[in-house]
Amino acid sequence: AQTVTQSQPEMSVQEAETVTLSCTYDTSESNYYLFWYKQPPSRQMILVIRQEAYKQQNATENRFSVNFQKAAKSFSLKISDSQLGDTAMYFCAFMKEYGNKLVFGAGTILRVKS
Amino acid sequence: NAGVMQNPRHLVRRRGQEARLRCSPMKGHSHVYWYRQLPEEGLKFMVYLQKENIIDESGMPKERFSAEFPKEGPSILRIQQVVRGDSAAYFCASSRNLPGQYPPSSDTQYFGPGTRLTVL
């Protein structure tokens, strides 16, 4: 079975600075998908970024980028120029190829301070 | 394009009552998933459905819980004889089939706003 570990329960960052959230996972699959979802105080789950394991290039979405290290089974999220609206719980998630369920980590609470 | 819709957003039930949670997927999406989030925890998969079919219910408790996705209308997650431990946020997600893939594979899952169930 796949597992996802987020080792940082809470983090904080000053507005406009950069922060990196960690995620590691365990799987015997060779092809799979990795995701970061954001859950702000409204509790809505919002997709931040998606990475296909067979792609070597790291995914990027505006201020959000990932550092995907397949051999190390690591998938960290970097948020640049942090904004107050980035304050949220961030979940890392795994889905195997041809699979249909997401396996989530326990989450990291990120607080952006002004 | 409307997103995934869930209702009600908040539901209060007394122990022993039934809870019905509804989910309408995004337009063009044929796959529906239900997840449960207990307080201070991540989301846990419960069930995956396509129209009129339960594909994977490996995360669903064996008793009191059931799900359906009829040909017409929303997907329903039903919890009978609720207990306090059922208090949680229940999220629905939907996705579309990735075209041209075999075996069929689903695309990125998009979530609804969730239903917060409180059992008194």
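Look up: the structure comes first, before these words.
All values derive from a computational prediction rather than experimental measurement.

Novice: Just to check I follow, could you spell out the sheet that holds strand β3 (residues 19–24) of chain B for this structure?
Specialist: Residues and elements named next belong to chain B. Strand order in the open sheet formed by 4 strands is β1-β3-β8-β7, with antiparallel pairing between adjacent strands. Across the chains shown, the open sheet's two edge strands, defined by having one partner strand only, are β1 (5–7) and β7 (65–68). Ignoring strand direction, the axes of neighbouring strands in this sheet form an average angle of 15°. Relative to strand β8 (residues 75–79), β3 runs antiparallel, the two being bridged by 5 bridges. If you follow R20 over to β8, its bridge partner there is R78.

Novice: Just checking my understanding: could you explain the state of the cysteines for this structure?
Specialist: Disulfides are covalent bonds that link the sulfur atoms of two cysteine residues. Counted according to the given criterion, the structure contains 2 disulfides over all chains. A disulfide bridge connects A:C23 with A:C92, and the sulfur atoms are separated by 2.0 Å. Around the S-S axis, the bridge from A:C23 to A:C92 shows a dihedral of about -70° and counts as left-handed. Of this pair, A:C23 sits in the loop between β3 (19–21) and β4 (24–26) while A:C92 sits in strand β10 (residues 88–96), and the two are 69 residues apart along the sequence. Across the pair, exposure class does not vary: A:C23 and A:C92 are buried alike. Sulfur-sulfur distance for the disulfide between B:C23 and B:C92 comes to 1.7 Å. An S-S torsion of about -50° defines the bridge between B:C23 and B:C92 as left-handed. Note that B:C23 is positioned in strand β3 and B:C92 in strand β9 (residues 88–95), a separation of 69 residues in sequence. According to the relative accessible area criterion, B:C23 is buried, its value standing at 0%.

Novice: Can you walk me through the packing of aromatic side chains in this structure?
Specialist: When we look at a pair of aromatic rings, we describe it by the centre distance and by the angle of the planes. Residues and elements named next belong to chain A. Here the structure, examined in full by the defined rule, presents 14 aromatic pairs over all chains. Plain terms: the ring middles of W36 and F75 are 6.3 Å apart, the flat faces sit at 25° to each other, and that makes the pair stacked. Pair noted here: W36 is in strand β5 (residues 32–39) and F75 is in strand β9 (residues 74–79), with a separation of 39 residues, a long-range link. The buried category is assigned to W36, whose relative accessible area is 0%. F75 sits in the buried class, given a relative accessible area of 0%.

Conventions we followed
Residues numbered from 1 in each chain as written. Chains lettered and ligands numbered in written order. Predicted model: local features only at pLDDT ≥ 70, side-chain atom pairs only at ≥ 80, totals over all residues. Heavy atoms only, no water. Pairing = 2+ DSSP bridges. Helix = DSSP H or I, 4+ residues; strand = E, 2+ residues; numbered from the N terminus. Axes fitted to C-alpha atoms, helices over the stretch in contact; angles between N-to-C directions. Disulfide = S-S within 2.5 Å. Buried < 20%, exposed > 50% of the residue type's maximum accessible area, 1.4 Å probe, protein only. Phe/Tyr/Trp six-rings, centres within 6.5 Å; stacked < 30°, edge-to-face > 60°.

Remember that the coordinates give geometry; whether it matters functionally is a separate question.
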